[in-house]
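Coordinates in review
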Amino acid sequence: MSDLEAIVDSATAAFAACSTPADLENAKALYLGKSGRITELMKGMAALSIDEKKQLGAQINVAKQAVEALLNQRREALLDAAMNAQLATEALDVSLPGRAARAGGGLHPVMLTQERIEGIFGSMGFDVADGPEIENDWFNFTALNTPEDHPARSMHDTFYVDPLDGQPTDTPPLLRTHTSPMQIRHATAHVKAWKASGQAVMPEIRVIAPGRTYRVDSDATHSPMFHQCEGLWIGANVSFKDLKVVFTDFCKTFFESDDLVLRFRPSFFPFTEPSAEIDIQFAHGPLAGRWLEVAGSGQVHPNVVRNMGLDPEAYIGFAFGMGMDRLTMLRYGVNDLRLFFDGDLRFLSQFQ
Ligand code: PHE
C-alpha cells in the first residue's frame, strides 16, 4: 500500500471513530490542518522536479479529495444523528387521539337522589329544611328522648368535636349521627313563628331535611360520612296510616314501580313509639324478591312532641329517616357504597 493509500485508510478510521462534531474537527486537523499529514506531503514537493511535482501533486490531490469527501460524509452523519436524537427527545405522537372537549360537570348521583326526593315530597306539600352538621347533645340525643345512659347513644358511634375556646365542655359538640335533630330544630322554629302569628290553629308541620350525617363506621355498605333524609309530619290528627300512605307513594314514585311492596317491621327508636324499619321488595329486576331496608320510622314520641314546644295531647304525627346513599344504590344498581366517595370520574360521569 502506498503512503497515500495508508493516509486515506487511517483518515477513514479516525473520522469513523469521532462521535461529536468537535472530535471530527480535531481529527480533520491531523490530515488537512496546517501541519496535517497531507499538507506536509505537499510542502515536501518543493524540492522535486516539475515532472515529479505534476505526478505526485495529482496523486496527493486525489488523496486530499478523498479525505475531504470522507470528512463531509462523516459531518453529515453526525448532524443526522444529532437531529435524530433531538427528534426522539421532542417526540410528538400525532397519531394520539386529541383531548376531547369535556362537557360540563354533572350532579353527583346522591345529589340526583336528593333532588328527586325533594321533588316528590314537594309535590306532597313538604318543605325542605337544612341544618348544621356539627350538632350538640341536646338536638342530636336529649331532645329526641334519648336518656343520658341510654344504649341508643352507643348504638351510634359518634364523632365528637373539640369545643371552641370558651365553650362549655360538659357536652362536647358532635358530628350529627342522623338528620333527626332537624325534627326539633325545624319544629321549634315553626312553633315559635306560629305563636308569634296569633293564629288559633297551628299550620301543620310538613318537612323533609336531607343532608350529611356521620358515624364511626366504614366498609362496603357503611361510610363514616353518609346521607340521610328526615321526614316529619305533625298535625292535629296525623296517624301511622298516613305514614304508610305517604312513604308507599314516595317509594313507588321514586323507583317508578307500581308493584313494589313495603313492609313496616317493628323496631325501636327512642324518639318514636311505635317504631318501624321500612323494608321494600321489588317485583322485577335483579333484586326482585329480597327485602331491602330503606328507612327507620314511627309515630313521634310524646316527649319529643313536648320538646318541640307542643302539647302531645293536641298534636301527633310521624317521622322517618331514610338512607339516601342506599336509595341511590338501589335505583342505579351500585353495589359498593365507597364508589360514591372515591371521586372517580369514570364512575361519576355515568350519571350525567
Ligand atoms: N334517626 C334514625 C336513624 O338514623 C331513623 C329514624 C328517623 C327513625 C325518624 C325514626 C324516625 O337510624
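Keep in mind that this is a model prediction, so the values were computed, not measured. (Residues numbered from 1 in each chain as written. Predicted model: local features only at pLDDT ≥ 70, side-chain atom pairs only at ≥ 80, totals over all residues. Heavy atoms only, no water.)

**Remarks on the state of the cysteines**
The final tally for this structure, using the stated rule, is 0 disulfides. Here Cys-229 is not disulfide-linked; the sulfur of Cys-251 is the nearest cysteine sulfur, at 12 Å. When its relative accessible area of 0% is taken as the criterion, Cys-229 is described as buried. According to the relative accessible area criterion, Cys-251 is buried, its value standing at 0%. (Disulfide = S-S within 2.5 Å. Buried < 20%, exposed > 50% of the residue type's maximum accessible area, 1.4 Å probe, protein only.)

**Quick look at helix H9 (residues 240–254)**
Between the first and last C-alpha of H9 there are 21 Å, a value that for 15 residues agrees with the 21 Å anticipated at 1.5 Å per step. Among all positions in H9, only Leu-243, Val-246, Phe-247, Phe-250, Cys-251 and Phe-254 are buried. End-on view of H9: buried residues confined to an arc of 130 degrees, all on one side of the axis. Following H9 by one or two positions, Glu-256 has its phi on the positive side, about 50 degrees. (Helix = DSSP H or I, 4+ residues; strand = E, 2+ residues; numbered from the N terminus. Expected span 1.5 Å × (residues − 1). Arc of directions from axis to C-beta.)

**Details of the environment of Tyr-31**
Turning to its location among the elements, Tyr-31 is positioned in helix H2 (residues 21–32). When residues no more than four places from it in sequence are discounted, the contact partners of Tyr-31 are Ile-7, Ser-10, Ala-11, Ala-14, Phe-15, Gly-36, Arg-37, Ile-38, Thr-39 and Val-67. Polar contacts involving the side chain of Tyr-31 include one to the side chain of Ser-10, which spans 2.5 Å. (Contact = heavy atoms within 4.5 Å. Polar contact = N/O pair within 3.5 Å; in protein donor to acceptor, adjacent residues only side chain to side chain.)

**Considerations on the nonpolar core**
Ile-117, Phe-121, Phe-247, Phe-250, Ile-280 and Met-322 are the most contacted members of the largest nonpolar core, which has 39 residues in total. In this structure, Phe-250 is in contact with Ile-117, Ile-120, Phe-121, Met-124, Met-322 and Leu-327, ignoring residues within four places of it in sequence. (Core = buried A, V, L, I, M, F, W, Y, C linked by side-chain atoms within 4.5 Å.)

**Topic: the site of the ligand**
Near the ligand, the surroundings consist of 14 residues, among which His-178, Ser-180, Arg-215, Gln-228 and Gly-321 are the closest. Note that a nitrogen atom of the ligand is positioned 2.9 Å from one of the side-chain N or O atoms of Ser-180. Burial of the ligand by the protein chains amounts to 92% of its free accessible area of 320 Å². A per-element tally of the shell around the ligand places strand E9 (residues 316–323) first, with 3 residues. A class-by-class count of the residues in the shell around the ligand yields 4 nonpolar, 8 polar and 2 charged. (Near = heavy atom within 4 Å. Areas by Shrake-Rupley, 256 points an atom, 1.4 Å probe, with all protein chains shown as cover. Nonpolar A, V, L, I, M, F, W, Y, C, P; charged D, E, K, R; others polar.)

**Side note on the pattern of salt bridges**
It is possible for side chains bearing opposite charge to pair when their charged atoms get close. Using the criterion set out here, one finds 12 salt bridges in the structure. Between Asp-279 and Arg-263 there is a salt bridge, and its shortest N-O distance comes to 2.8 Å. Placement of the pair is Asp-279 in strand E7 (residues 272–281) and Arg-263 in strand E6 (residues 261–269), with a sequence separation of 16 residues. Asp-279 gets classed as buried once you look at its relative accessible area, which sits at 1%. For Arg-263, a relative accessible area of 31% translates into the label partly exposed. We note a salt bridge from Arg-338 to Asp-336, for which the minimum N-O separation is 3.0 Å. (Salt bridge = Lys/Arg side-chain N within 4 Å of Asp/Glu carboxyl O.)

**Considerations on the environment of Pro-172**
Summarising the element assignment, Pro-172 is placed in the loop between helix H7 (151–155) and strand E3 (174–175). Pro-172 gets classed as partly exposed once you look at its relative accessible area, which sits at 26%. Filtering out sequence-adjacent residues up to four positions away, Pro-172 remains in contact with Tyr-160 and Val-161.

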